[in-house]
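These are the residues of each chain, in order.
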Amino acid sequence: QVQLVESGGGLVQAGGSLRLSCVASGSIFSNIITGWYRQAPGKQRELVARISPGGSTYYADFMKGRSTISRDNARNTVALQMNSLKPEDTARYFCAGFYLNSWRYWGQGTQVTVSS
């Protein structure tokens, strides 16, 4: 079992930066793909970025060049650095863990609000 707790969200002006952090409990964390999703009001949840246990990364097109996902397996943490934020990045951001062919583990999310 893996439990995920996010932090680091907040209110930022357009063009600003935020660093989201996720702390995981559970011994399997270092062996699973982890990622960040987001969901804006009235929209579907979408993948922002993911990182493999070995550090291979994937970014959604809307975040390429503006964000960096990283992980520290020894500390069971995953982070998402977001730069050049836009109002359309406003959403609730969720940390997630991929296990047994599905995004099985989810945190409660942290709100990111970007003002214009």
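Here, every reference points to the structure presented above.
Source: prediction; values computed, not measured.

Procedures and definitions
Residues numbered from 1 in each chain as written. Predicted model: local features only at pLDDT ≥ 70, side-chain atom pairs only at ≥ 80, totals over all residues. Heavy atoms only, no water. Helix = DSSP H or I, 4+ residues; strand = E, 2+ residues; numbered from the N terminus. Contact = heavy atoms within 4.5 Å. Disulfide = S-S within 2.5 Å. Buried < 20%, exposed > 50% of the residue type's maximum accessible area, 1.4 Å probe, protein only. Salt bridge = Lys/Arg side-chain N within 4 Å of Asp/Glu carboxyl O.

Brief notes about the environment of leucine 11
Along the chain, the position of leucine 11 falls in strand β2 (residues 10–13). With sequence-adjacent residues up to four places away left out, leucine 11 is seen in contact with Thr113 and Ser115.

Here we look at the state of the cysteines
Here a disulfide denotes one covalent bond, and it connects the sulfur atoms of two cysteines. The final tally for this structure, using the stated rule, is one disulfide. Through a disulfide, cysteine 22 is tied to cysteine 95; the S-S separation comes to 2.2 Å. Between cysteine 22 and cysteine 95, the disulfide has an S-S torsion of -80 degrees and is therefore left-handed. On the criterion of sequence distance, the pair formed by cysteine 22 in strand β3 (residues 18–25) and cysteine 95 in strand β9 (residues 91–99) is long-range, its members being 73 residues apart. The same class applies to cysteine 22 as to cysteine 95, namely buried.

A word on the pattern of salt bridges
In the structure shown here, the tally under the stated rule is five salt bridges. Between arginine 38 and glutamate 46 there is a salt bridge, with the nearest N and O atoms lying 2.8 Å from each other. The salt bridge partner of aspartate 89 is arginine 66, with a shortest N-O separation of 2.8 Å. Taken together, the residues aspartate 89 in the loop between β8 (77–82) and β9 and arginine 66 in the loop between β6 (57–59) and β7 (67–72) connect sequence positions 23 residues apart. In this structure aspartate 89 comes out as buried when scored by relative accessible area, which is 1%. A residue is classified by how much of its surface remains accessible, and arginine 66, at 10% relative accessible area, is buried. Several salt bridges share partner residues, and in doing so they unite Arg38, Glu46, Arg66 and Asp89 into one network.

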